[in-house]
Amino acid sequence: MAGGNERSMKALKEVWKRAENSLCADCGKADPDWASSTLGVFICLSCSGIHRNIPSISKVKSLKMDYWDDAQVQFLAKHGNAVTKAIYEAHIPIYYYQPTYNDCQVLREQWIRAKYERKEFTEPGKQLPYSDGVKEGILWKRGRDNGQFLPRKFLLSEREGCLKYFTKQDAKEPKINVKIDVINATFQPEKIGKPNGLQITYLKDNKTRNIFVYHESGKEVVDWFNAIRSVQFHYLKVAFPIASDNEIKNRLTRNFLKEGYMEKTGPKQREAFKKRWFTLDHRRLMYFKDPLDAFAKGEVFVGSGENGYSVQKGLPSGTQGNFSWHYGITIVTPDREYLFTCETESDQLEWIRAFTSVINQAMTPQEYAIEAYFKFKS
């Protein structure tokens, strides 16, 4: 018996160390140490918890602590991540967002359920709830003034190329009507205070407007998210016919590069520093009095290094404004310097890394147009 167990463990380790099994099959995290004995995939601890919630589909065991018999090891050897992915990820729409270990729980859970439970990607041309170019339903939207979440009807239309929402079910005219190409959507459960919280951001008169929504059903809110990406993808395919699918995919919804509190001073650099919530959305650095404000109090354009933009650690000598945080950052633009302070050195370094990643990228023609608008506005 002991010899059989030893033989099984040796065979298990051989399968486990295959290159294809070195990353979690679901989120891509390195060194997974759990596996599904019914699906044949190697997964991380976090994803194993999601698998455990669908026991009719997946039975998970620790590769280090649990016993694996010969039949289970042979099943893993026959399958593994490559074979199983070829089955369950055979026909993923290019616009579908495939989450990583950095993404929130609802995105990862619905990705796993979509693959193994609903088998959404096993057949070509399968009709999916986010793929037919139109979606209508109720989302709970946070009120701009009172902060209460109330049910609102939303309508997404590929034919019209827009997203609308209505304050009443029977309303004929929408409260907003936003073109699909100026919309971003990103999950924000912690900021919104709802596990299925989604932040929808769009440009109005070249200013950023935030809408915060959620739905009790994780599947429903993720379906909305991927429906927005689907409509955006097909809209951009028409608008940019020579662009490749991957180029268009990279222009769909995006996570913010960095968010958090910093202090800032005014343009004269003699005013007291005030605490504000900052969001870096690629080249737009926006600041808000409250993280859930509908409109930014101001925005700073962060261009490229070759156009005179840079980020520096610390504040200029002789800075006069009073500040309570002592880890300074200076953003240098062709027109002026912007001064910020962070509460901790780790915050400071994270912000500097985020700014540097943007400044090191060359600007696109569209970004030159945005820069011109910011200069005209100032």
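Predicted model only: the values in this text are computed from it and were never measured. (Residues numbered from 1 in each chain as written. Predicted model: local features only at pLDDT ≥ 70, side-chain atom pairs only at ≥ 80, totals over all residues. Heavy atoms only, no water.)

**Quick notes on the domain arrangement of the protein**
Working step 1: In terms of domain boundaries, the protein breaks down into domain 1 (1-117), domain 2 (134-250) and domain 3 (258-376).
Working step 2: For domain 1 and domain 2, the distance between their C-alpha centroids amounts to 33 Å.
Working step 3: Counting residues at the interface gives eight residues for domain 1 and 17 residues for domain 2.
Working step 4: Contact between domain 1 and domain 2 buries roughly 1,100 Å² in total, counting both sides, with carbon and sulfur atoms accounting for 74%.
Working step 5: When the buried surface of domain 1 facing domain 2 is broken down by residue, Ile-94, Tyr-95 and Val-106 rank first, second and third, together holding 54% of it.
Working step 6: At the boundary of domain 1 with domain 2, the tally comes to zero salt bridges.
Working step 7: Within the side of domain 1 that touches domain 2, the residues separate by chemical class into seven nonpolar, one polar and no charged. (Domains from an automatic or database assignment. Contact = heavy atoms within 4.5 Å. Buried area = accessible area lost by both parts, 1.4 Å probe. Salt bridge = Lys/Arg side-chain N within 4 Å of Asp/Glu carboxyl O. Nonpolar A, V, L, I, M, F, W, Y, C, P; charged D, E, K, R; others polar.)

**Structural notes on the sheet that holds strand β3 (residues 60-62)**
Working step 1: Taken in spatial order, the three strands make up an open sheet running β2-β1-β3, and their pairing is antiparallel. Two strands bound the open sheet, and with one partner strand each, they are β2 (42-43) and β3.
Working step 2: Where strand β1 (residues 34-36) meets β2, two bridges bridge the pair, whose relative direction is antiparallel. Looking at β2, one finds that Ala-35 is bridged to Phe-42. (Pairing = 2+ DSSP bridges. Helix = DSSP H or I, 4+ residues; strand = E, 2+ residues; numbered from the N terminus.)

**A few points about the pairing of strand β11 (residues 258-264)**
Working step 1: Counting buried positions over the seven residues of β11 gives six, a clear majority of the element.
Working step 2: In this sheet, strand β12 (residues 274-281) lies alongside β11 in antiparallel orientation, the contact comprising seven bridges. Note that in β12 the partner of Glu-259 across the bridge is Thr-279.
Working step 3: Pairing between β11 and strand β17 (residues 337-342): two bridges, direction antiparallel. Across the sheet, residue Lys-264 finds its bridge partner in β17, namely Phe-340. (Buried < 20%, exposed > 50% of the residue type's maximum accessible area, 1.4 Å probe, protein only.)

**Here's the deal with the UniProt feature "domain: Arf-GAP" (unreviewed entry) in the protein**
Working step 1: According to UniProt, the feature "domain: Arf-GAP" (unreviewed entry) maps to residues 6-129 in the numbering used here.
Working step 2: Along residues 6-129, the helical share is 40% and the strand share 6%, with 48 Å between the first and last C-alpha atoms. (UniProt positions renumbered as here; feature names shortened; annotations may be inferred.)

**Some words on helix α2 (residues 45-52)**
Working step 1: Within α2 the residues assigned to the buried category are Cys-47, Ser-48, Ile-50 and His-51. Buried residues of α2, viewed axially, fall in a sector of 155 degrees; they line one side.
Working step 2: Those residues of α2 that are buried are in contact with β1, β2, β3 and α5 (105-117). (Arc of directions from axis to C-beta.)

**A word on the UniProt feature "domain: PH" (unreviewed entry) in the protein**
Working step 1: The feature "domain: PH" (unreviewed entry), as annotated in UniProt, sits at residues 132-233 and 255-360 in this numbering.
Working step 2: Along residues 132-233, the helical share is 20% and the strand share 46%, with 12 Å between the first and last C-alpha atoms.
Working step 3: End-to-end, the C-alpha atoms of residues 255-360 are 19 Å apart, and along that stretch the chain is 14% helix and 38% strand.

**Side note on the packing of aromatic side chains**
Working step 1: According to the stated counting rule, one finds 20 aromatic pairs in the structure shown.
Working step 2: Measuring from ring centre to ring centre gives 5.0 Å for Tyr-96 and Phe-121, while their planes differ by 70 degrees; the resulting arrangement is edge-to-face. Residue Tyr-96 is located in the loop between α4 (80-88) and α5, and its partner Phe-121 is located in the loop between α5 and β4 (134-142); the two are separated by 25 residues in the primary sequence. Both residues of the pair, Tyr-96 and Phe-121, count as buried.
Working step 3: Each residue in the set Tyr-95, Tyr-96, Trp-111, Phe-121, Tyr-130 and Phe-233 is aromatic and connected to the rest through ring pairs, giving one cluster. (Phe/Tyr/Trp six-rings, centres within 6.5 Å; stacked < 30°, edge-to-face > 60°.)

**Digging into the nonpolar core**
Working step 1: Counting 55 residues, the largest nonpolar core has Ile-43, Leu-156, Ile-183, Phe-187 and Leu-198 as the members making the most contacts within it.
Working step 2: Here this core gets nine residues from one element, more than from any other, and that element is helix α7 (residues 218-239).
Working step 3: When residues of this core are assigned to domains, at least three fall in each of domain 1 (1-117) and domain 2 (134-250).
Working step 4: Once residues within four sequence positions are removed from consideration, Phe-187 is found in contact with Cys-104, Val-106, Leu-107, Asn-196, Gly-197, Leu-198, Val-221, Val-222 and Phe-225.
Working step 5: With 23 residues, the next largest nonpolar core counts Leu-285, Phe-301, Tyr-338 and Cys-342 among its residues. (Core = buried A, V, L, I, M, F, W, Y, C linked by side-chain atoms within 4.5 Å.)

**Brief notes about the side chain of Arg-142**
Working step 1: Its place among the elements puts Arg-142 in strand β4.
Working step 2: For the buried Arg-142, no salt bridge exists, and the shortest N-O distance to an oppositely charged side chain is 5.1 Å, to Asp-290.
Working step 3: Reaching out from Arg-142, the side chain makes a polar contact with the backbone oxygen of Leu-292 at a distance of 3.4 Å.
Working step 4: For Arg-142, the contacting residues outside a window of four places in its chain are Gly-147, Gln-148, Phe-149, Phe-212 and Leu-292. (Lys, Arg positive; Asp, Glu negative; His and termini not counted. Polar contact = N/O pair within 3.5 Å; in protein donor to acceptor, adjacent residues only side chain to side chain.)

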